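# Structural description and commentary
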Amino acid sequence: MSVISNLEYLQQLYEIDDHEWLLANIELLKQRKFNDVDLENLIEELESLAKRDKHQVKSLLEQIIRHLLLLNFWKSEYEKNKNHWRAEIRSFRIQLKDRLTTNLSNYLSSILADIYHDALGYVQEKTGFTVSFPSECPHTLEQLLDVDFLG
């Protein structure tokens, strides 16, 4: 009968119950038992977490831009949809504020043009290419994040 090491146990646990695996690794870190930590899977999880955070803030900012574009440029639908669009903008801004860090803010700033391009493509499709939207983002990141700014 072979005895498995703590590391082997953690690696097996990772495949079975990732929450329990996480709690076990947290406890090892707290106890400063660094040699027992499942570093390979921990690194993978941390990389995944970083990607997930970036994806979330990027997606929320894109939603803000989409709704601002619709609010400010889709005049034929303005009266019918303005309250919905404003409420969505506020909701996305609150969600974004709760997730935003300095690093994630810098990330958004560095890809704002790409996010705008994606949002623009969406609103062009949604409006059937009947609305003339700006080809470049007409707002700064600060304006986009400002809870009271509506363009």
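All values derive from a computational prediction rather than experimental measurement.

What counts, and where the lines are drawn
- Residues numbered from 1 in each chain as written.
- Predicted model: local features only at pLDDT ≥ 70, side-chain atom pairs only at ≥ 80, totals over all residues.
- Heavy atoms only, no water.
- pLDDT = per-residue confidence, 0-100.
- Helix = DSSP H or I, 4+ residues; strand = E, 2+ residues; numbered from the N terminus.
- Axes fitted to C-alpha atoms, helices over the stretch in contact; angles between N-to-C directions.
- Parallel < 35°, antiparallel > 145°, perpendicular 65-115°, else oblique.
- Left-handed = near helix turned anticlockwise from the far one by under 90°.
- Contact = heavy atoms within 4.5 Å.
- Nonpolar A, V, L, I, M, F, W, Y, C, P; charged D, E, K, R; others polar.

### Some thoughts on the confidence of the model for the protein
Fine structural detail should not be taken from predicted coordinates in areas where pLDDT scores are low. For the protein, the average pLDDT comes to 94, and 98% of its residues sit at 70 or higher. Model confidence for the protein, summarised as mean pLDDT per element, is weakest for helix α1 (residues 6-16) at 88 and strongest for helix α6 (residues 112-126) at 98.

### Here we look at the packing of helix α3 (residues 39-73) against helix α5 (residues 102-110)
Axis separation between α3 and α5 bottoms out at 10 Å; the angle between their running directions is 55°. With respect to α5, the element α3 is oriented oblique. Note that α3 runs across α5; the crossing there is right-handed. For the pair α3 and α5, contact is made by Asp-53, Lys-54, Val-57, Lys-58 and Leu-61 and by Leu-104, Tyr-107 and Leu-108, respectively. Partitioning the contact of α3 with α5 into residue classes produces 5 nonpolar, no polar and 3 charged.

### Quick look at the packing of α3 against α6
The N-to-C vectors of α3 and α6 enclose an angle of 50°; their axes lie 9 Å apart at closest approach. In terms of axis orientation, α3 runs oblique to α6. Of the two elements, α3 crosses α6, and the hand of that crossing is right-handed. Counted together, Lys-58, Leu-61, Glu-62, Ile-65, Arg-66, Leu-69 and Leu-70 of α3 and Leu-112, Ile-115, Tyr-116, Asp-118, Ala-119, Leu-120, Tyr-122, Val-123 and Lys-126 of α6 form the full contact between these two elements. Among the residues making up the contact of α3 with α6, the classes are represented as 11 nonpolar, no polar and 5 charged.

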